[in-house]
Amino acid sequence: MYVKAEPTTDVNRNTEWFTYPGVWTIYMLIVFMSWLVVLSIFGCSPGMAWTIVHFCHFAVTYHFFHWKKGTPFADDQGIYNGLTWWEQIENGKQLTRNRKFLTVVPVVLYLIASHTTDYQNPMLFFNTLAVFVLVVAKFPNMHKVRIFGINADH
Amino acid sequence: MIKIPYLTALSTYFSYGLLFAFGQFRDFFRKIFDWCHSSNLQGYAPICLGLEDFYIRRLYLRIQDCFGRPISSSPDAWFDVVERYSNDNNKTLKRTTKVTRCLNLGSYNYLGFAAADEYCTPRVIETLKRFSPSTCSPRVDGGTTTLHNELEECVANFVGKPAALVFGMGYATNSAILPVLIGKGGLIISDSLNHNSIVNGARGSGATVRVFQHNTPSHLEEVLRQQIAEGQPRTHRPWKKIIVIVEGIYSMEGELCKLPEIVAICKKYKAYAYLDEAHSIGAVGKTGRGVCELLGVDTADVDIMMGTFTKSFGSCGGYIAGSKELIQYLKYTCPAHLYATSISPPAAQQIISSIKVILGEDGSSRGAQKLARIRENSNFFRSELQKMGFEVLGDNDSPVMPIMLYNPAKIPAFSRECLKQNVAVVTVAFPATPLLLARARICISASHTREDLLKALEVISQVGDLVGIKYFPAESEKQHQEPGAIKLE
């Protein structure tokens, strides 16, 4: 019923909330609830709903984890302005548990989406593209890499 | 250690996610609408990048009326809060001329010196007439009056160090002293929950900064050992100097620092210890000399002691106390001493008089009474709140007690409902605290009478039921079985 909220040593207020208990659960719950909401609004087949959820998840997580840089408040005087949220978590340490979890979630969503649409072609191609982009963006070798200068600092 | 109910954690994440999503939608539509209108920047760069003020615009401004409430009297136990109204959904607030008399649970008025005092105020007025409100000069030029010298001796005696140096502003003390004490090639190890002034001073110094887990001496030792073994970042040369910075009472947690263990570790590894006693000087300890007296640490073991006069002494300014050589060095190098205007003479006299009252040198026992009263008040209030089922942080004897709220919607609810019943509380949220752990911070004062505290308890209990923050079962007799330090684990 109760969990301990231990303070972390991460000084970056933008990312330290991810180390507290309950984050993984709420992430999975939000994804599941949005599937239910999409099913109820569009009235489509479950597979189509999972594909829609997968795309929206791709769009939202790519935008907030790998595109937006900096922090939403000015307290830290802009020292993280060149880093995306993914590069800021846990001070840039790679292959931590949180990073592994966040890499696995899009893959699991992809598997569910492709399975429930029976691997039919137009959906499958886009799903695969989405998961490929997301997983490659999370590789340790891509830390602070800006391909062709896209999204680099001014 | 904060225990949060699991469902509350989940709902807090969800609420913040929802607020964040709404903010992003509104920003998106605002960008589309503004595309049509030309910008009036005329070629200049915008002051903030789009993302930097997102939190202020979309989250803070929604509940702006809970922060920054203007008051129109001295911050005594009861004070006048000016009413404000807003016509555009809290984007701008306008003051009215009406005031409400409210119970003050937010000011750092630990010993009750914030209002007129029978010993201090006449002396302050006399000093105001003699020396005028400002010295109009830095210490080095013409701003050192006899009052400043007397104040520095007084502070050094009070704190228990050979010499002291006094500055006009507490925040500036930390942020101006740290760059002078340490520079590139040095190492600062600071507690993860240190105040913003220390963080800014550490960043401004150019030294490498490492953080250890809050109040965990074993982790401090681990970090020290690792850093000493590795040396400076790329060259791996030994560090020029290592300073460990901790606070006496952490203002957001109300916890006391584990000073004996930390000082022992500093001595073992030959690191300097810097103690920021902003909230503990004058408020804890048998004679009010701070956390060293309370925990039995010899002041000679703490190398640099810093504090402010805003909390227990009812004045403004900060001090640094240390060895004579250190203070002499700081007098030649610290920019806050060389270039900043010296502390205002009436403020200095207030500090001298209040120290005399605390030590009993004014001929009465009011100082000892105040210290006893604040201890009694804090312990009573904390135990009553815990009995009602609130989650209250902080150690026994600490006059700061945060009540956990968690959900972002409960912050304005608690604040506004309390204000309706004439109790003024301060609520703190992200980014001053971690995202999950929003809280209402109560500061108890020696000038709160028992009736004031009972009224506050009644109001907080009612509002707590309404808002739903009694996360623990209300116990009547169970939790009082273990006496002594009832730290909420």
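Since the structure is predicted, the reported quantities are computational estimates derived from the model, not experimental observations.

Here we come to the sheet that holds strand β13 (residues 426-428) of chain B. Residues and elements named next belong to chain B. The three strands are arranged β11-β14-β13 in an open sheet whose pairing can be described as antiparallel. Each edge of the open sheet is held by one strand with a lone partner, namely β11 (400-404) and β13. In this sheet, neighbouring strand axes are inclined to one another by 30° on average, regardless of whether the strands run parallel or antiparallel.

The next point concerns the packing of aromatic side chains. The final tally for this structure, using the stated rule, is 24 aromatic pairs over all chains. With a centroid separation of 6.0 Å and an interplanar angle of 75°, the aromatic rings of Tyr27(A) and Phe101(A) are classed as edge-to-face. With a gap of 74 residues between them, Tyr27(A) in helix α1 (residues 23-42) and Phe101(A) in helix α4 (residues 97-116) connect regions that are remote in the sequence. Taken individually, Tyr27(A) and Phe101(A) each receive the classification buried, so the pair is uniform in this respect. Here the aromatic cluster, defined as three or more aromatic residues joined through ring pairs, consists of Trp17(A), Phe18(A), Phe65(A), Trp85(A) and Tyr13(B). Sitting above the plane of the Trp86(A) ring, Lys138(A) keeps its charged end 5.3 Å from the centroid.

Moving on, we get to the interface of chain B and chain A. Chain B puts 38 residues into the contact, and the matching count from chain A is 34 residues. Buried area between chain B and chain A, summed over both chains or domains, comes out near 3,200 Å², and the portion from carbon and sulfur atoms is 67%. Taken as a group, Tyr6(B), Tyr13(B) and Leu51(B) account for 19% of the area that chain B buries against chain A, more than any other trio of residues on that side. Across the contact surface, chain B and chain A share eleven residue pairs in polar contact (both at pLDDT 80 or more). Residue assignment for the side of chain B that touches chain A shows that the elements contributing at least two residues are β1 (2-5), α1 (6-36), α2 (54-60), α6 (196-205) and β6 (208-212) of chain B. Residue contributions to the side of chain B that touches chain A peak at seven residues, all from α1(B). Among the residues forming the side of chain B that touches chain A, the class breakdown is 27 nonpolar, seven polar and four charged.

All right, on to the confidence of the model for chain A then. For chain A, mean pLDDT is 88; residues scoring 70 or higher make up 99% of the total. The least confident element of chain A is strand β1 (residues 2-5) of chain A, whose mean pLDDT is 85; the most confident is α1(A), at 93.

Applying the stated rule across the entire model yields zero disulfides over all chains. Counting only cysteine sulfurs, Cys257(B) is the nearest neighbor of Cys266(B), a cysteine outside any disulfide, at a range of 9.5 Å.

All names here are of chain B. The sheet built from three strands is open, its strands ordered β2-β3-β12 with mixed pairing. The open sheet has two free edges, formed respectively by β2 (78-85) and β12 (423-424), since each of these has just one partner strand. Pairing analysis gives two bridges linking strand β3 (residues 94-104) to β12, with the strands arranged parallel. Along β12, the bridge assignment pairs Asn104 with Ala424.

Calculation criteria
Residues numbered from 1 in each chain as written. Chains lettered and ligands numbered in written order. Predicted model: local features only at pLDDT ≥ 70, side-chain atom pairs only at ≥ 80, totals over all residues. Heavy atoms only, no water. Pairing = 2+ DSSP bridges. Helix = DSSP H or I, 4+ residues; strand = E, 2+ residues; numbered from the N terminus. Axes fitted to C-alpha atoms, helices over the stretch in contact; angles between N-to-C directions. Phe/Tyr/Trp six-rings, centres within 6.5 Å; stacked < 30°, edge-to-face > 60°. Buried < 20%, exposed > 50% of the residue type's maximum accessible area, 1.4 Å probe, protein only. Lys NZ or Arg CZ within 6 Å of the ring centre and 35° of its normal. Contact = heavy atoms within 4.5 Å. Buried area = accessible area lost by both parts, 1.4 Å probe. Polar contact = N/O pair within 3.5 Å; in protein donor to acceptor, adjacent residues only side chain to side chain. Nonpolar A, V, L, I, M, F, W, Y, C, P; charged D, E, K, R; others polar. pLDDT = per-residue confidence, 0-100. Disulfide = S-S within 2.5 Å.

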